[in-house]
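Examination of the molecular architecture
If you want the building blocks of each chain, they are given just below.
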Amino acid sequence: MSFQAPKGTFDWLPPRSEQVLAVREALVGPARLAGYGYIETPVFEDTQLFARGVGESTDIVSKEMYTFPDKAGRSLTLRPEGTASVVRAVLQHGLHNGQLPVKLWYSGSQFRYERAQKGRYRHFWQVGAEALGSEDPALDAEVVLLGAQGFASLGLTGVRLLINSLGDKTCRPTYRAALQEFLRGLDLDADTRARIEINPLRVLDDKRPEVQAQLTGAPLVIDHLCAACKSYHEEVRALLSAAGVAYEDDPRLVRGLDYYTRTTFEFVHDGLGSQSAVGGGGRYDGLSEMLGGPPLPSVGWALGVDRTVLAMEAEGLIDDTAPGRVQVYGVPLGDEARRRMFLLVTELRQAGVSADLAYGGKGLKGAMKGADRSGARFALILGERDLAAQAVQLKDLTTAEQTEVPLAQVVDVLKGKVQ
Ligand code: ATP
Ligand code: MG
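Quick summary incoming for the structure in this document. (Residues numbered from 1 in each chain as written. Chains lettered and ligands numbered in written order. Predicted model: local features only at pLDDT ≥ 70, side-chain atom pairs only at ≥ 80, totals over all residues. Heavy atoms only, no water.)

Right, let's talk about the sheet that holds strand β2 (residues 44-46) for a bit. The strand order β2-β4-β3 describes an open sheet built from three strands, whose pairing is antiparallel. The open sheet terminates on both sides in strands that have one partner only, identified here as β2 and β3 (67-69). Across the sheet, the mean angle separating the axes of adjacent strands is 35° when strand polarity is ignored. Here three bridges tie β2 to strand β4 (residues 75-78), and the two strands are oriented antiparallel to one another. Bridge assignment links D46 to a residue of β4, and that residue is L76. (Pairing = 2+ DSSP bridges. Helix = DSSP H or I, 4+ residues; strand = E, 2+ residues; numbered from the N terminus. Axes fitted to C-alpha atoms, helices over the stretch in contact; angles between N-to-C directions.)

Written as structure tokens, this is what we have:
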């Protein structure tokens, strides 16, 4: 019997996996330059953290969580997203008692029991940035800008930024009521009708064409903003424009829960079919209080690494010609040579030169094939005669030129050549 990765999951393998690591790093590069510090939280948390912090009425909590009892009977859940854990950690450690905003970034696996398809997995990777404890349109603009720069730094040109405002506790209730009144007049199934009463904004997000067709005349939150929310939103947009960030106003962009306020945004890529969102975020002024903390107005995003890699593929930005695994490859001929080569390769690595050698007692032909496959620029061939002469044959695999170098000098010679 042989095992397969579980449904909805997959493996990243070399050389692609190296590029994935680089993508994760690049996406958060701009945030790190803006003073965001790295936070690592557990992969599982108390189930109640997500029930409250993501919201009972969301698909994530109602259908998609990997929840299990531990051996002591605690209900734990594999994290489906990062924000709730970040807020939990900030409150637990009192980070909000220091200088505000608290700026943090993370990178990690997320787990959602979803319908597995291209771009939608049950185990996927997000990087995130969160700025907690300030209500300032410049902070919203910074967060959005840092996300846009993350994508741009990868060379992606097809990422579009959609933004909207969801209002706040002053204006959202009036809007919610107007939306509910509109939705109650539509021809919808029982589940969706129930959603109108619990979480009407989420109905706007329904992807089914028969639902979308009925939503054309739905009231828009942007038309119901109070004066404060309107000017806040104008300021965020003006700052983004001033910084040269292209965005599109999307009055239908929503997040279902009450603790999401004001700025909301999504990064989409048109080369991904229906799984077009490569990242999303917004302001969540009410979340801290939902988790038992003080008011802590905050804004952040999460970017999907796997979909970003797909977007890069769509734009032809993934280079699948395997980059050299190592710079130097050792070809020892015989037992004594193997012992010496083992030491030589170790010395090379200590000197910062990446190096590998032929294992398994291969002959010259097999070992040279290994050298080619390794992508190395140089092969070091060590035979009995070389050992006796305290020398090694240095072969440049791109030109096939071969020179003899004293063993005592070869590390320095190679250091000079590979730099
Ligand atoms: P979608 O509308 O596509 O379901 P979402 O609103 O659930 O996305 P968020 O919770 O905002 O997504 O997560 C941020 C990003 O994480 C998404 O924009 C996407 O790039 C990525 N993401 C979310 N769910 C998945 C998944 N199941 N597989 C791969 N990437 C995902
Ligand atoms: Mg989703």
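Here the narrative resumes.
The buried fraction of strand β7 (residues 159-165) is high, at five of seven residues. In terms of strand pairing, β7 meets strand β9 (residues 261-269) through seven bridges, oriented antiparallel. Directly across from S165, in β9, lies its bridge partner T263. The pairing of β7 with strand β8 (residues 248-249) spans two bridges and is parallel. Across the sheet, the residue bridging to L162 is E248, located in β8. (Buried < 20%, exposed > 50% of the residue type's maximum accessible area, 1.4 Å probe, protein only.)

Before going further, it helps to examine the layout of surface pockets. The calculated volume of the second largest pocket comes to roughly 360 Å³. Considering the residues around the second largest pocket, the lining is formed by 16 residues, among which D168, K169, T261, D285 and G286 are closest to the centre. Put simply, the parts of the chain that give the lining of the second largest pocket at least two residues each are α6 (172-184) and β9. Tallying contributions element by element places α6 first for the lining of the second largest pocket, with three residues. The class makeup of the residues in the lining of the second largest pocket is five nonpolar, two polar and nine charged. (1 Å grid on protein atoms, 1.4 Å probe; cavity = no way out; pocket = protein on both sides within 12 Å on 5 of 7 lines; lining within 4 Å. Points joined across faces, edges and corners; volume = space filled by probe spheres on them. Nonpolar A, V, L, I, M, F, W, Y, C, P; charged D, E, K, R; others polar.)

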